[in-house]
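# Architecture and fold: a report
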Amino acid sequence: MYSKCGDLSCGLKMFDEMLDRNLVSWTSIISGCIQNGESKMGLENYIEMIRSGFRPNEFAFGSVLRGCTSLEDIKFGSFVHCLALKIGLVSNYFVVSSILYMYAKCGYIEAAERVFECVNSHDVGCWNAMIEGYALNGYSFQALQLLSLMNKQGVIMDQLTFMSAIKGCSMSGDSNFGRQIHAMIIRREEKFTSSGMNSLVDMYFKIGRKDYAFEIFNKMQEKDAISWNTMFSEFAQDGNPGEVVNLFSSMQRTGSKPNFITFSILFRLCGLLVDLSLGLQFYCLAYHLGFLDEPVVANSLINMFSKCGRLDIANSLFTGISIKNITSWNEMIMGYNLNGCTTEALELFVNLWESGVEADEFTFSSILGACSRAEHLEMNRQIHGAIIKSGFAFQGFVCSSLINTYGQFGLLNDCFMVLRGIERLDLASWGAMISAFVHGGRSYEAVGLLNCLIEDGQKPDEFVLGSILNGCANIAAYQQTKCIHSLLIKTGFEKHLCVASAVIDAYAKCGDIESSRMAFNQSSRYADSILLNTMIMAYALHGLIMEAIEIFEKMKCANLQPSHATFVSVISMCSHLGLVDQGRRFFDSIGLVYGMVPSAENYGCLVDLFSRNGFLEEAKNVIEMMPFAPWPAVLRSFLSGCRIHGNRELGEWASKQLILLIPENDAAYVLLSKVYSEEGSWEDAAKVRRMMNERGVQKEPGKGCSRAPIYHASEAIFHNGQLYRHSLFMHDAGGATLLLGFDLMTLWPYTIQCILIQPIACPLRDFDPCRGGFGSDAN
């Protein structure tokens, strides 16, 4: 009773006081732990039960296997499977269906198939588990085939059969399979309850057919709270507060009452829309109905106020929670991180660690992001140690975050070390490693990793392809951009907004603004602020200021609320084009016109605007007056401006601030040295160099140019009857091949006599991702 009412602590206390425990009590506490999200504790209790001499029954096995599924602990689940075999419970349908679902949910579909084939007769639960397993893993054809076989053999399908298939379609995003399942339901005249109809609505939203979802929702005779919550949860994609209000009004008119889940969704929705006014109205209603004490609602409120820039209210809510769960800590850490308060985020993580609350994978992922933003490598290594100590060193999500963070620091060797620790490389791990290569300026190696990923039998998703396009943009690799664009069209990802945005950006940085405009026009029917932001930056990059402002005006005409990223785009554009007054007006309009609180990135752009164009006193005032503690990037931007415009006094002030933040980093010393040397103060510049040596700060070697193409036959020249590529091969200290992107034909005739041209023998198969480059035989 305690467990099912969500009060697991009282259930555990009752269990601890029992003098005589039997199989039922052990099974109840195991099931209670897993039902309340404490799967690890449930598995620990299962081990204690076995050690106490009890033989688990089918209910204990079912609960434990469900716990293994939630933790994706395939190793423990295999042990449980072996024990079920040993004591002869694999003939039990309940146990078999649990084993099938565990293997399938963890991605081991072949193991699930073997279990399914070994069972002599299947009940409907086994069929359901296998169908859902196929659909979850993207095997839509096999799932439909199994459903047809089930129908052919005369197995009576229940609502769960169709719901399993529908759930799988929602996860895999297979619109064709989903529509066929829906057709089968209509043909069989299956009477679906509200739960089944909710599954259909959710599936159509997930596969991008909102028209079908709305049609089914409007035809539903009985709508429960879950029906309305499903609709609310999907409105975040549209970004229209008016539609949310209209839907909530319709809910109240029908007599349906919102529950705490409803308000949790609504508050998070207001946070995504950055609509504090609407959020406060829902807050008043939730207070009136008595939902503010619900932990889920309180956490959602922290999320909403953080995203709306009201950290004071978010912190007040967090402090007022008497018993904080890990989600509360996570929301507050993410709130600080989102608003650029990295120091506060790190301090809160230390408080969490000292309080004895166990951090989870989301905690570590969020705090690693704060370390990356603060450029605090030492803290990052300490958190890496905490991750190992907490047992998350092999958790895919945490490992991907570690790879991303080390990639931000340019430490590719550390990225590879983390990658080698992952037992089973998933798409997130590949994506993180590709992103690390791109960030580290090794975009051609990132393309090599993409080929390795495809050879491994995995399909790149929108995030991987977006990273590759960013890499192409960084090195202006026009041919690669066209190839990746073709792959996007072939795989259907060109409709994804973030990918479409990356295509626009890549073409613009490759100098082809017409292709950028064409890609924008093909995607702009979706009317999204991300696309508009990217097109603004594309025009700005080519100096087309009027076209960029026209896009900004289009955004206002389309009733799209500009985001903080929009203002990052337009202020950055003004910064690079020297339009200081225009940029200042854009910044002022964030609060005066749109009622938004400027983000840390907006302040950073304003500092860059002033610094780059010589308004150094104004830039210093912004740094001192902004509601965020200065972070390394904004100080570097200011210090760079001091160097460009020769302001020694402000340069010394900025360097001191930067050294206090990141004393082990060479940027402050190098930039200050350049300030001195460029004004002719060679003695002062030498003093800075000596100071670096005394403090043990090493200047990082220059990264060089980006890598040259490794498979472009068109980029070749003839010399003495042989074919050569336009690239210069060199080696770094580690022995990895560097391909410096100098076009020899561009350099001709000035330096061609100084370059020793060598034949090219560097096929893609020589690429070794584990060694971070090409094998020595490729030279």
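Residues numbered from 1 in each chain as written. Predicted model: local features only at pLDDT ≥ 70, side-chain atom pairs only at ≥ 80, totals over all residues. Heavy atoms only, no water.

## Observations regarding the overall build of the protein chain
- Check the secondary structure of the protein chain and you find 42 helices and six strands.
- For the protein chain, buried positions account for 49% of its 779 residues.
- Considering only contacts in the protein chain between residues 6 or more positions apart, those separated by 24 or more positions represent 60%. (Helix = DSSP H or I, 4+ residues; strand = E, 2+ residues; numbered from the N terminus. Buried < 20%, exposed > 50% of the residue type's maximum accessible area, 1.4 Å probe, protein only. Contact = heavy atoms within 4.5 Å.)

## Quick word on the UniProt feature "repeat: PPR" (unreviewed entry) in the protein chain
- As recorded in UniProt, the sites labelled "repeat: PPR" (unreviewed entry) are residues 22–56, 123–157, 224–258, 325–359, 426–460, 528–562 and 665–699.
- With 77% helix and 0% strand, residues 325–359 has its two end C-alpha atoms placed 10 Å apart.
- Annotated as residues 528–562, this span is 74% helix and 0% strand, and its ends, taken at the C-alpha atoms, are 10 Å apart. (UniProt positions renumbered as here; feature names shortened; annotations may be inferred.)

## Comments concerning the packing of helix α3 (residues 39–51) against helix α4 (residues 58–71)
- Direction vectors running N to C along α3 and α4 enclose 140°, while the axes themselves pass 9 Å from each other. In this view, α3 runs oblique relative to α4, as classed from their interaxial angle. Taken as a pair, α3 and α4 cross one another with a handedness that is left-handed. On α4, the residues that touch Ser39, Lys40, Leu43, Tyr46 and Met49 of α3 are Ala60, Phe61, Val64, Gly67, Cys68, Ser70 and Leu71. (Axes fitted to C-alpha atoms, helices over the stretch in contact; angles between N-to-C directions. Parallel < 35°, antiparallel > 145°, perpendicular 65-115°, else oblique. Left-handed = near helix turned anticlockwise from the far one by under 90°.)

## Here's the deal with the nonpolar core
- Core analysis: the biggest nonpolar cluster contains 213 residues, and Leu100, Ile181, Phe232, Phe364, Ile383, Ile403 and Phe638 have the highest contact counts within it.
- The element that contributes the greatest number of residues to this core is helix α30 (residues 497–509), accounting for eight residues.
- Excluding residues within four positions of it along the chain, leucine 100 makes contact with Ala112, Val115, Phe116, Cys126, Ala129 and Met130.
- Grouped together as the second largest cluster of nonpolar side chains are seven residues, Ile659, Leu672, Ala685 and Val688 included. (Core = buried A, V, L, I, M, F, W, Y, C linked by side-chain atoms within 4.5 Å.)

## Structural notes on the pattern of salt bridges
- With the rule as written, the count across this model stands at twelve salt bridges.
- Here arginine 517 ties to glutamate 514 by a salt bridge, and the two come within 2.5 Å at their closest N and O atoms. Note that arginine 517 and glutamate 514 are positioned in helix α31 (residues 513–523) at a spacing of three residues, about one turn of the helix.
- Arginine 517 sits in the partly exposed class, given a relative accessible area of 21%.
- According to the relative accessible area criterion, glutamate 514 is partly exposed, its value standing at 47%.
- With a shortest N-O distance of 3.4 Å, arginine 648 and glutamate 652 are connected by a salt bridge. With a gap of four residues between them, arginine 648 and glutamate 652 both fall in helix α39 (residues 648–661), about one helical turn apart.
- For arginine 648, a relative accessible area of 26% gives the class partly exposed. (Salt bridge = Lys/Arg side-chain N within 4 Å of Asp/Glu carboxyl O.)

## Some details on α39
- Counted at 1.5 Å a residue, the expected span for α39 with its 14 residues is 20 Å, and the 20 Å between its end C-alpha atoms agrees.
- Turning to α39, its buried residues number three or more, namely Leu650, Gly651, Ala654, Ser655, Leu658 and Ile659. All buried residues of α39 lie within an arc of 170° about the axis, which places them on one face of the element. Every exposed residue of α39 that faces more than 90 degrees away from the buried side is listed here: Glu649, Lys656 and Leu660.
- With a side-chain oxygen positioned 3.4 Å from the backbone nitrogen of glutamate 649, the residue opening α39 is asparagine 647. (Expected span 1.5 Å × (residues − 1). Arc of directions from axis to C-beta. Polar contact = N/O pair within 3.5 Å; in protein donor to acceptor, adjacent residues only side chain to side chain.)

## Structural notes on the side chain of serine 365
- The topology assignment puts serine 365 in helix α22 (residues 361–374).
- For serine 365, the side chain forms a polar contact with the side chain of serine 401, separated by 2.9 Å.
- Excluding residues within four positions of it along the chain, serine 365 makes contact with Phe397 and Ser401.

## Quick word on the packing of aromatic side chains
- In total, this model carries 26 aromatic pairs according to the counting rule given.
- A ring pair is formed by phenylalanine 232 and phenylalanine 248, whose centres lie 6.1 Å apart and whose planes are at 45°; its orientation type is tilted. Of the two residues, phenylalanine 232 is situated in helix α14 (residues 225–234) and phenylalanine 248 in helix α15 (residues 241–253); the sequence distance between them amounts to 16 residues.
- Overall, phenylalanine 248 belongs to the buried group, its relative accessible area being 6%.
- Taking 5.8 Å as the distance between ring centres and 70° as the angle between the ring planes, the aromatic pair formed by phenylalanine 416 and phenylalanine 437 counts as edge-to-face. (Phe/Tyr/Trp six-rings, centres within 6.5 Å; stacked < 30°, edge-to-face > 60°.)

## Structural notes on the environment of methionine 130
- Here methionine 130 is to be found in helix α8 (residues 124–136).
- Every residue in contact with methionine 130, bar those within four places of it in the chain, is listed here: Leu100, Ile109, Ala112, Glu113, Phe116 and Leu146.

## Points about the confidence of the model for the protein chain
- On average, the protein chain scores 79 in pLDDT, and the residues at 70 or more come to 87%.
- Every residue in residues 703–779 is under pLDDT 50, and counting partners more than four places away or in other chains gives 122 contacts. (pLDDT = per-residue confidence, 0-100.)

## Structural notes on unusual backbone geometry
- The backbone phi angle of glutamate 72 is positive, close to 55°, even though this residue is not glycine.
- Taking the relative accessible area as the measure of exposure, glutamate 72 reaches 54% and is therefore exposed.
- Phi at alanine 476 is positive, roughly 55°, even though this residue is not glycine.
- Here alanine 476 lies in the loop between α28 (462–474) and α29 (478–491).
- Since its relative accessible area comes to 40%, alanine 476 is described here as partly exposed.

## Details of the packing of helix α6 (residues 93–105) against helix α7 (residues 109–118)
- It is the contact of α6 with α7, at a shortest axis distance of 7 Å, that shows an interaxial angle of 160°. As summarised for this structure, α6 and α7 are arranged roughly antiparallel, according to the angle between their axes. In the crossing of α6 with α7, the sense of the turn from one axis to the other is left-handed. Here Val96, Ile99, Leu100, Tyr103 and Ala104 of α6 come into contact with α7, specifically with Ile109, Ala111, Ala112, Val115 and Phe116.
- For the contact of α6 with α7, the class distribution of residues is ten nonpolar, no polar and no charged. (Nonpolar A, V, L, I, M, F, W, Y, C, P; charged D, E, K, R; others polar.)

## A short note on helix α36 (residues 600–612)
- Along its 13 residues, α36 runs 18 Å from first to last C-alpha, staying within 8% of the 18 Å computed at 1.5 Å per residue.
- Burial analysis of α36 places eleven of its 13 residues in the buried class, the great majority of the element.
- Residues Ala600, Asn602, Tyr603, Gly604, Cys605, Leu606, Val607, Asp608, Leu609, Phe610 and Ser611 constitute the buried set of α36.
- Turning to α36, the residues buried within the fold contact α22, α34 (564–577), α35 (580–592), α37 (616–625) and α38 (632–645).
- Following α36 by one or two positions, glycine 614 has its phi on the positive side, about 90°.

## Concerning a nonpolar patch on the surface
- The grouping of Met1, Tyr2 and Met14 at the surface amounts to a nonpolar patch, some 340 Å² of accessible area in total.
- Of note, tyrosine 2 is situated in the segment before α1 (8–17). (Patch = residues over 30% accessible without salt bridge, like charges linked within 9 Å, V, L, I, M, F, W, Y side chains within 5 Å. Areas by Shrake-Rupley, 256 points an atom, 1.4 Å probe, with all protein chains shown as cover.)

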